[in-house]
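What follows is the residue order along each chain.
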Amino acid sequence: MSDPTRPDAAPEPAGDPIRQLKLTLAAPKRGKPPRHWADLPAGDRTAAVTEAGLPGYRAKQISQHYFEGLSVDPDGWTDLPAAVRHSVREAFFPPLLTRIRQRETDGGATAKTLWKLHDGTLVESVLMRYGLRRGEAASADDPDGARAVGVRSTLCVSSQAGCGMACPFCATGQGGLDRNMSTGEIVEQVRAAAATLAEGSLPGGPGRLNNIVFMGMGEPLANYKAVVAAVRAITSPAPDGLGISARGVTVSTVGLVPRIEQLAGEGIPVTLALSLHAPDDELRDELVPINERWKVDEVLDAAWGYAERTKRRVSIEYILIKDINDQAFRADLLAKALKKRGVWGWVHVNLIPLNPTPGSKWTASRREDEREFVRRLEAHGVPVTVRDTRGREIDGACGQLAASERES
Ligand code: SAH
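Our subject in this report is the structure included herewith.

Before going further, it helps to spend a moment on the overall build of the protein chain. Secondary structure assignment for the protein chain yields twelve helices and twelve strands. For the protein chain, the proportion of its 408 residues judged to be buried stands at 55%. Taking contacts inside the protein chain between residues at least 6 apart in sequence as the whole, the part at least 24 apart equals 65%. Carbon together with sulfur atoms contributes 50% to the accessible area of the protein chain, which is approximately 17500 Å² in total.

Spelled out as structure tokens, the structure:
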């Protein structure tokens, strides 16, 4: 049988259990997006420039404009002769993302962008600026808190158009998988957000992008090659890449075990987030259908192995769904499963109140059940936080990205 974790693998034979679950690991083949500067590994850029008929030293200039200047408009690159600017645009800067719509909430501090890709496919990304409002962060050396405004910015990026993982609580999963995104399409979301922040068009004035979370549309590890190449472009120091610390990058997965193991060996210390959502196979089979393939014990072993190998603390994502997975006994089971694998320090639990999605019968847990779940985990000594969900008002919160041109 073909390896279903390979994005380019042949379709599953009929009768395969994964098929019956409507899980799609292999992305449909579609016309590839045109090649972009961001698609090229750093080591290939000089050769690509030479192939385009330009002297190799132009590669560094182009990278400086793109990764440092955050520009995709060679017309403004006046250190290049006009004819060169033209060739550079033709060869390396096809428009990959077209901004269709932007919706904002939190006084402009959370912005969801709808992008159209070259073939008309739609995806979304969400930019969130955190920090204290002016005046709230008085300290000895910053009495009016001015410098604390917009201290942290996070971009939630998409790695696939749609998603094949079929999780019943997630809006993206309901529409199925459209196609994989290219490295350039992923990096362009990040570059565009970094440019928006640098221009100061978000409240709080000019700022920098510090965090990238692969928690938008798609299952990043089902588009492994493109995602890892994008992570390299995002984290390589300028001018080879965007220079965002790998510590600020989180890759979130439903738990494709062989890919988690592979990621641990890439030598890029990104944070791994595992969408667990249930500590027992019976419930997880229902909530996260890929569990039919890799069981709770296997994904937790893989997560533990990732922490051990990378020395990065793994984040266990756990949505709280009223009367489904929020019982006290499941908090105890979760703590036990984590504890079994090692001393504290390797893991952190991130509880996410369920965000509403169209057609879903489930709702977020009651406050008292959420509190009890937290209390139980803490009683076992498990580090736990409840996510301060952003963007619900604009359908931009976890699990709500569905990318439609309809005004809603
Ligand atoms: N496919 C990856 C990344 C995308 S989702 C993954 O599943 O990890 C990012 C996080 O949002 C995941 O933990 C996902 O389970 C969670 N999520 C999905 N739908 C949600 C919803 N309706 N409410 C709250 N969180 C949700």
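Now that the structure has been shown, we can carry on.
The next point concerns the side chain of asparagine 325. Within the fold, asparagine 325 resides in the loop between strand E10 (314–320) and helix H11 (328–339). Here the side chain of asparagine 325 touches histidine 277 through a polar contact of 2.8 Å, landing on its backbone oxygen. Setting aside residues no more than four positions away along its own chain, asparagine 325 makes contact with His277, Leu283, Leu287, Tyr318, Ile319, Leu320, Arg330 and Phe373.

Further remarks concern the sheet that holds strand E2 (residues 110–116). In space, the ten strands of this open sheet follow the order E1-E2-E3-E4-E7-E8-E9-E10-E11-E12, with mixed pairing throughout. One side of each edge strand has no neighbouring strand; the edge strands of this open sheet are strand E1 (98–105) and strand E12 (384–386). Strand-to-strand, the axes of this sheet are offset by a mean angle of 20°, without reference to chain direction. As defined by bridge partners, E10 adjoins strand E11 (residues 347–353) across seven bridges and the pair is classed as parallel. Bridged to tyrosine 318 within E11 is leucine 351.

Glancing now at the packing of H11 against helix H12 (residues 367–379). Direction vectors running N to C along H11 and H12 enclose 30°, while the axes themselves pass 9 Å from each other. In terms of orientation, H11 lies roughly parallel with respect to H12. Relative to H12, H11 is oriented so that their crossing is right-handed. Between H11 and H12, the contacting residues are Ala328, Arg330, Ala331, Asp332, Leu334 and Ala335 on the first element and Glu372, Phe373, Arg376 and Leu377 on the second. Looking at the contact of H11 with H12 residue by residue, the class counts come to six nonpolar, no polar and four charged.

Now for the nonpolar core. Residues Trp37, Leu209, Ile212, Phe214 and Leu377 are the most contacted members of the largest nonpolar core, which totals 118 residues. Those residues in contact with leucine 377, other than ones at most four positions away along the chain, are Ala331, Leu334, Ala335, Val349, Leu351, Val382 and Val384.

This brings us to the site of the ligand. Taken together, 22 residues lie around the ligand, and Phe169, Ser252, Ser275, His277 and Asn355 are the ones closest in. Within the side chain of glutamate 219, an N or O atom sits 3.2 Å from a nitrogen atom of the ligand. Between an oxygen atom of the ligand and a side-chain N or O atom of serine 275, the distance comes to 2.6 Å. The fraction of the free accessible surface of the ligand (530 Å²) that becomes covered by protein chains is 96%. Given that more than half its atoms are within 2 Å of the pocket grid, the ligand belongs to the largest cavity. Of all the elements in the fold, those that place two or more residues in the shell around the ligand are strand E8 (249–253), E10 and E11. Tallied by class, residues from the shell around the ligand come to eleven nonpolar, nine polar and two charged.

In this section: helix H3 (residues 58–68). Burial analysis of H3 places eight of its eleven residues in the buried class, which makes it a mostly covered element. Structurally, H3 contributes buried residues whose contacts are with helix H2 (45–51), helix H4 (82–92), helix H6 (183–199) and helix H7 (224–235). Immediately beyond the C-terminal end of H3, within one or two residues, lies leucine 70, with a positive phi of roughly 55°.

Our next topic: the pattern of salt bridges. As enumerated under the stated definition, the model contains 18 salt bridges in all. A salt bridge links glutamate 185 to arginine 179; the nearest nitrogen and oxygen atoms lie 2.9 Å apart. As far as burial versus exposure is concerned, glutamate 185 and arginine 179 are alike and both buried. A salt bridge links arginine 376 to aspartate 332; the nearest nitrogen and oxygen atoms lie 2.7 Å apart. Of this pair, arginine 376 sits in helix H12 while aspartate 332 sits in helix H11; the two residues are 44 residues apart in sequence, bridging distant segments of the chain. Residues participating in the shared-partner salt-bridge network are Asp297, Asp301, Lys340 and Arg341.

Quick look at empty space enclosed by the protein now. Scanning the entire structure with this criterion turns up two cavities of 30 Å³ or more. Looking at the largest cavity, its volume works out to about 490 Å³. Surrounding the largest cavity, 30 residues form its lining, Phe169, Cys170, Met215, Ser275 and Gly399 being those nearest its centre. Residue assignment for the lining of the largest cavity shows that the elements contributing at least two residues are helix H5 (171–174), E8, E10 and E11. Taken together, the residues that form the lining of the largest cavity break down as 17 nonpolar, ten polar and three charged. As a volume, the second largest cavity reaches approximately 100 Å³. Contributing to the lining of the second largest cavity are 14 residues, with Arg99, Thr113, Leu127, Ala193 and Thr196 lying nearest its centre.

Remark: H6 packs on H7, axes separated minimally by 8 Å, with the N-to-C direction vectors making an angle of 40°. It follows that H6 is oblique to H7 by the angle criterion. As for the relative orientation of H6 and H7, their crossing is right-handed in sense. Only Ala226, Val227, Ala229, Ala230, Ala233 and Ile234 of H7 make contact with H6, whose side of the interface consists of Thr183, Ile186, Val187 and Val190. When grouped by side-chain class, the residues that make up the contact of H6 with H7 number nine nonpolar, one polar and no charged.

Peptide bonds are mostly trans, and most non-glycine residues show a negative phi. Following alanine 238, the chain continues into proline 239 via a peptide bond in cis, with omega recorded as 5°. Among the secondary structure elements, proline 239 is positioned in the loop between H7 and E8. A positive phi is found at histidine 277, a non-glycine position, where the angle reads about 70°. Assignment of secondary structure puts histidine 277 in the loop between strand E9 (271–275) and helix H9 (281–287). Backbone geometry at aspartate 323 places phi at a positive 60°, although glycine is not the residue there. Within the element layout of this structure, aspartate 323 appears in the loop between E10 and H11. For aspartate 323, a relative accessible area of 45% gives the class partly exposed.

Reading the values: rules and limits
Residues numbered from 1 in each chain as written. Predicted model: local features only at pLDDT ≥ 70, side-chain atom pairs only at ≥ 80, totals over all residues. Heavy atoms only, no water. Helix = DSSP H or I, 4+ residues; strand = E, 2+ residues; numbered from the N terminus. Buried < 20%, exposed > 50% of the residue type's maximum accessible area, 1.4 Å probe, protein only. Contact = heavy atoms within 4.5 Å. Areas by Shrake-Rupley, 256 points an atom, 1.4 Å probe, with all protein chains shown as cover. Polar contact = N/O pair within 3.5 Å; in protein donor to acceptor, adjacent residues only side chain to side chain. Pairing = 2+ DSSP bridges. Axes fitted to C-alpha atoms, helices over the stretch in contact; angles between N-to-C directions. Parallel < 35°, antiparallel > 145°, perpendicular 65-115°, else oblique. Left-handed = near helix turned anticlockwise from the far one by under 90°. Nonpolar A, V, L, I, M, F, W, Y, C, P; charged D, E, K, R; others polar. Core = buried A, V, L, I, M, F, W, Y, C linked by side-chain atoms within 4.5 Å. Near = heavy atom within 4 Å. 1 Å grid on protein atoms, 1.4 Å probe; cavity = no way out; pocket = protein on both sides within 12 Å on 5 of 7 lines; lining within 4 Å. Sits in = over half its atoms within 2 Å of the grid points. Salt bridge = Lys/Arg side-chain N within 4 Å of Asp/Glu carboxyl O. Points joined across faces, edges and corners; volume = space filled by probe spheres on them.

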